[in-house]
Amino acid sequence: MPRILWFGHILPQIDDENSLLSLCDVAVPQAKLDAAVPLSIVPDSGSGFMGPAALEGHRAGVHFACAFQMEHLEQSASSIRFVLLDAVAELRMSVEFVLDSESSVLKIHSQLENTGSSEFSLHKLASATLPIADTFTECLTLNGRWGLEFQQHRSVISATQLRIKNMSGRTSHEYFPGCVVGQQHFNAEHGQLMGVHLGYSGNYELTVERLTTGEACLQVGLAILPGEINLAPGAVIDAPALFACAADGLNQMTQRFHQFARRHVLPQWTRTPRPIHANSWEALYFDHDEHALLALVDAAASAGAERFVLDDGWFHGRRDDTSGLGDWWVDKTVYPKGLHTLVAHIRNLGLEFGLWFEPEMVNPVSELYKNHPDWVLQVAGRNTPLARNQLVLNLGLVAVRDYLYKSIAALVDEYKIDYIKWDMNRDLVLPGSSGKAGVVEQVNGVYELLDRLQSAYPNLEIESCSSGGARADYGILARTGRVWTSDCIDPIDRLSIQRGFGLFFPPEIMGAHVGHDVAHLTGRATNLQTRAIVALQGQYGYELDARNITDEERQQLMFYAERYKQYRAWVAESSAWVVPTRDAALFVQGQVSLDRASSFWTIVASSSLETNLPERVRLLGLAEDKPYRVIATGWEALRSFGKHTPDWMVNEVVVSGAELMNIGLNLPVMPAQSALLLDCSQA
Ligand code: DGJ
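What counts, and at which threshold
Residues numbered from 1 in each chain as written. Predicted model: local features only at pLDDT ≥ 70, side-chain atom pairs only at ≥ 80, totals over all residues. Heavy atoms only, no water. Near = heavy atom within 4 Å. Polar contact = N/O pair within 3.5 Å; in protein donor to acceptor, adjacent residues only side chain to side chain. Areas by Shrake-Rupley, 256 points an atom, 1.4 Å probe, with all protein chains shown as cover. Nonpolar A, V, L, I, M, F, W, Y, C, P; charged D, E, K, R; others polar. Disulfide = S-S within 2.5 Å. Buried < 20%, exposed > 50% of the residue type's maximum accessible area, 1.4 Å probe, protein only. Helix = DSSP H or I, 4+ residues; strand = E, 2+ residues; numbered from the N terminus. Pairing = 2+ DSSP bridges. Core = buried A, V, L, I, M, F, W, Y, C linked by side-chain atoms within 4.5 Å. Contact = heavy atoms within 4.5 Å. Expected span 1.5 Å × (residues − 1). Axes fitted to C-alpha atoms, helices over the stretch in contact; angles between N-to-C directions. Parallel < 35°, antiparallel > 145°, perpendicular 65-115°, else oblique. Left-handed = near helix turned anticlockwise from the far one by under 90°. Phe/Tyr/Trp six-rings, centres within 6.5 Å; stacked < 30°, edge-to-face > 60°. Lys NZ or Arg CZ within 6 Å of the ring centre and 35° of its normal. Lys, Arg positive; Asp, Glu negative; His and termini not counted. Salt bridge = Lys/Arg side-chain N within 4 Å of Asp/Glu carboxyl O.

(A) Highlighting the site of the ligand. With respect to spatial proximity, 13 residues lie near the ligand, and among them D311, D312, K421, D423 and D487 are the closest. W356 places a polar side-chain atom, nitrogen or oxygen, 3.1 Å from an oxygen atom of the ligand. In the environment of the ligand, an oxygen atom lies 2.8 Å from a nitrogen or oxygen atom belonging to the side chain of R388. Summarising the interface, the protein chains cover 97% of the accessible area of the ligand, which totals 300 Å² for the free molecule. Its residues assigned to classes, the shell around the ligand shows four nonpolar, three polar and six charged.

(B) Expanded view of the state of the cysteines. As enumerated under the stated definition, the model contains zero disulfides in all. Cysteine C24 remains unbridged, with the sulfur of C217 as its closest cysteine sulfur at 17 Å. Between C488, a cysteine without a disulfide, and C465, which holds the nearest cysteine sulfur, the sulfur-to-sulfur distance is 14 Å.

(C) Geometry of the pairing of strand β11 (residues 192-198). Of all seven residues in β11, six are buried, a share of seventy percent or more. As paired elements, strand β10 (residues 175-183) and β11 share five bridges and run antiparallel to each other. Considered in β11, the bridge of V180 is made with G195. In the sheet, β11 pairs with strand β16 (residues 242-248) via seven bridges, with the strands oriented antiparallel. Pairing of Q192 across the sheet is with D248, part of β16.

(D) Quick look at the pairing of strand β5 (residues 105-114). For strand β4 (residues 91-100) and β5, the ladder comprises 10 bridges, and the chain directions are antiparallel. From the neighbouring strand, M93 faces β5, where its bridge partner is L112. Counted along the chain from β4 to the antiparallel partner β5, the turn is four residues long, and its residue S104 has a positive phi close to 70 degrees. Here three bridges tie β5 to β16, and the two strands are oriented antiparallel to one another. The residue of β16 that forms the bridge with K107 is F243. Pairing of β5 with strand β15 (residues 236-238) involves three bridges; the strand directions are antiparallel. Residue pairing for β15: E113 is matched across the bridge by V236.

(E) Structural detail: the nonpolar core. The biggest cluster of nonpolar side chains holds 171 residues, and the ones touching the most others in it are W314 and Y540. Setting aside anything within four residues of it in sequence, one finds Y540 in contact with P275, I276, H277, A512, V514, A532, A535, L557, Y560, A561 and Y564.

(F) Inspection of helix α4 (residues 290-302) at higher detail. In this model α4 runs 18 Å from its N-terminal to its C-terminal C-alpha over 13 residues, within 8% of the 18 Å that 1.5 Å per residue would give. Every buried residue of α4 is listed here: A292, L293, L294, L296, V297, A299 and A300. Capping the start of α4, D289 holds a side-chain oxygen 3.0 Å from the backbone nitrogen of H291, two or three residues further along. Positive backbone phi, approximately 105 degrees, marks G304, located one or two places after α4.

(G) Examining the packing of helix α11 (residues 528-535) against helix α12 (residues 551-571) more closely. Where α11 meets α12, the axes come as close as 10 Å, and the angle between the chain directions of the two elements is 20 degrees. Compared by their axis directions, α11 and α12 come out roughly parallel. The interaxial crossing formed by α11 with α12 has right-handed handedness. Each of L528, Q529, A532 and I533 in α11 lies in contact with α12, whose residues at this interface are E553, Q556, L557 and Y560. Residue classes in the contact of α11 with α12 are distributed as five nonpolar, two polar and one charged.

(H) Representation of the packing of aromatic side chains in the model. For the coordinates displayed, the defined rule picks out 27 aromatic pairs. On the numbers, 5.3 Å between centres and 75 degrees between planes, the contact of F150 with F501 is edge-to-face. In this pair, F150 is assigned in strand β8 (residues 148-156) and F501 in helix α10 (residues 491-502), connecting sequence segments 351 residues apart. Judged by its relative accessible area of 1%, F501 falls in the buried class. The interplanar angle of 50 degrees and the centroid separation of 5.3 Å between the aromatic rings of W328 and F357 together place this pair among those described as tilted. Here F357 lies in strand β19 (residues 352-357) and W328 lies in the loop between β18 (307-310) and α5 (340-348), a separation of 29 residues in the sequence. Its relative accessible area of 4% is what places W328 among the buried residues. Every member of this aromatic cluster is reached through a ring pair, and the members are F150, F176, F243, F257, F260, Y474, F501, F504 and F505. Directly above the aromatic system of Y447 lies the positively charged group of R479, at a separation of 4.0 Å from the ring centroid. For R494, the ring lying beneath its charged end belongs to W484, and the centroid distance is 4.9 Å.

(I) Spotlight on the side chain of H173. Relative to the elements of secondary structure, H173 occurs in the loop between β9 (162-166) and β10. For H173, the side chain forms a polar contact with the main-chain oxygen of S467, separated by 2.8 Å. The contacts of H173, once residues within four sequence positions are left out, are N143, G144, R145, W146, E149, S466, S467 and A470.

(J) Looking closely at the environment of L11. Residue position: L11 is located in the segment before α1 (17-23). The exposure class of L11 is partly exposed, given its relative accessible area of 40%. For the pair L11 and E448, spaced 437 residues apart in sequence, the C-alpha separation works out to 41 Å.

(K) Highlighting the side chain of D423. Relative to the assigned elements, D423 resides in the loop between β22 (419-422) and β23 (432-433). No salt bridge forms around the buried D423; measuring N to O, its nearest opposite-charge neighbour R388 is 5.3 Å away. Here W356 takes part through its side chain, which lies 2.9 Å from a polar atom of the side chain of D423. If we ignore the near neighbours within four places in the chain, the residues touching D423 are W356, F357, E358, P359, E360, C465, S466 and S467.

Here it is, written out as structure tokens:
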């Protein structure tokens with residue numbers, strides 16, 4: 001069985017494969033099996049492997065354990081596909097590894113075929129099992145909750161199994177589908193590591209464990225509900241693709257994943273300059289009123305918005321969150337003439353038009369549910385618990401997908417919609433389809449519907465939102481292309497949310513809006529400067545009620561909007577750099593253009609710093625021998641917190657990349673929640 005002996009930086013050509021195999025021959029301890037069963041690419045219990053098997057299932061109670069053998073392999077310059085056969089259990093497994101040499105990201109795709117003449121019940125299917133280097137002792141996962149997604153957690157890789165099992169039916173707020181394993185204390189700049197990400201928006205399982213042989217392994221793949229997958233004779237199932245990358249330090253890993261996502265995952269439209277959004281949600285919630293909206297559009301446009309997004313509340317019967325989902329036509333009581341007046345106003349001001357949908361859901365109080373109560377995921381005889389008063393439509397059904405496609409397409413055609421905010425606001429509970437578990441079919445159905453829309457409307461931009469960031473993964477992002485990162489737009493909480501998100505996803509697809517002075521989710525008050533600077537880390541936009549801001553605030557927003565427009569010309573091809581800091585409350589990060597001629601840096605004190613003065617910060621990723629001009633924004637507002645401001649902030653300086661990357665810059669006194677923006681471009 002094929003084994004992975006090394007996944008890391010490129011080694012010199014291996015001349016003598018037999019010597020290498022001899023080097024990696026495995027000893028056999030006493031009191032265990034008589035022959036070694038090392039970790040293979042498809043570990044199986046039938047051959048005596050005692051760790052996690054890649055596949056579990058049975059054929060009417062028999063063939064409960066598999067034992068595969070190599071059937072054949074196919075190879076090209078950048079890929080290798082192993083085809084393995086278990087002639088007894090009558091299963092064929094193929095595992096393909098494709099290395100993208102530009103980004104160094106490895107894509108692993110596994111497929112299982114039932115070669116027998118009866119049904120095979122599948123309980124578990126791993127996308128990949130990878131060895132973890134012996135020197136790797138730490139595991140970083142991203143965990144969270146609604147309003148605080150993508151939080152970084154460290155665990156020690158020890159004798160106990162580390163296991164994430166996400167059964168929420170979506171990518172989830174709680175468990176990001178991926179992790180980073182690496183040397184102790186690996187950080188942005190240092191430490192060998194391996195990052196993995198499962199490109200999938202449904203149930204999955206991830207385990208990391210060290211076996212008694214000393215080998216450690218990481219396994220990620222589909223989590224299957226009881227009875228969910230019964231493979232018919234000849235049927236094939238694809239495991240979701242796993243993306244893996246070895247790197248030295250998190251920055252290198254991040255840059256590689258970003259490059260890969262830009263070239264091989266994200267829709268083409270994400271490569272064009274990303275417009276400044278203004279979204280109606282936090283300004284109006286369900287309080288839709290045409291006059292208020294026209295005024296909001298005017299106000300947002302005068303603060304630099306380029307696309308207006310009409311959020312939840314516009315469709316039939318949707319006066320609050322108790323009703324309406326499923327009835328995708330414009331509410332005549334609020335918009336007697338449809339959305340034409342509003343859309344014409346938006347376009348007259350030169351803005352694009354975006355509309356909110358939550359296609360996968362239905363309220364029991366809706367025309368759709370009244371007419372098709374059988375269209376929801378459910379289990380006969382049980383009450384499905386409601387979440388936000390809604391149930392989930394069964395997208396495994398062609399009729400449901402057709403209904404949704406037609407409803408959405410009709411509105412796209414009528415209003416020439418430029419962008420859809422595609423929301424999905426609940427976990428799946430009792431996801432039954434004709435009585436059987438149907439999450440895998442549901443996720444495939446969502447993908448199919450999005451693919452259909454994408455091929456009919458290639459220029460239609462779609463954002464993935466799921467009560468914020470509960471559906472961010474390369475599976476959905478191949479069909480969407482922007483993520484509403486979190487419902488929390490408190491800039492202080494956003495620092496860790498955006499940093500976690502940024503590990504795997506590039507900044508140009510990260511929705512980051514300037515919110516109100518007092519954040520609606522946290523009640524925290526912050527100043528506009530900090531809110532805007534933190535929003536500049538992603539796709540800049542507005543969630544605040546621009547009707548109620550002062551002229552000075554409008555000018556400030558315009559100033560940052562102009563900066564954003566300047567940066568977006570190169571940011572979609574840039575490298576992300578996180579600067580490690582001694583004080584965890586000081587967040588420093590930047591984007592450097594491909595040619596290293598331009599860069600910008602956000603520096604934020606999330607809370608009071610440990611010392612009177614912030615530590616000196618270095619910039620990263622610049623050209624050592626080139627002169628840079630450093631211009632700081634925001635220092636004037638901090639002047640009163642100290643007696644002296646470092647000279648370079650007041651009087652522009654030109655220094656070399658080497659100086660900035662080694663000696664660094666002294667900062668002014670930075671109180672809690674203050675922020676600075678540095679523009680550092682070649683002079
Ligand atoms: C949840 C989203 O995350 C919000 O931005 C907003 O669109 C609401 N849903 C609307 O119901």
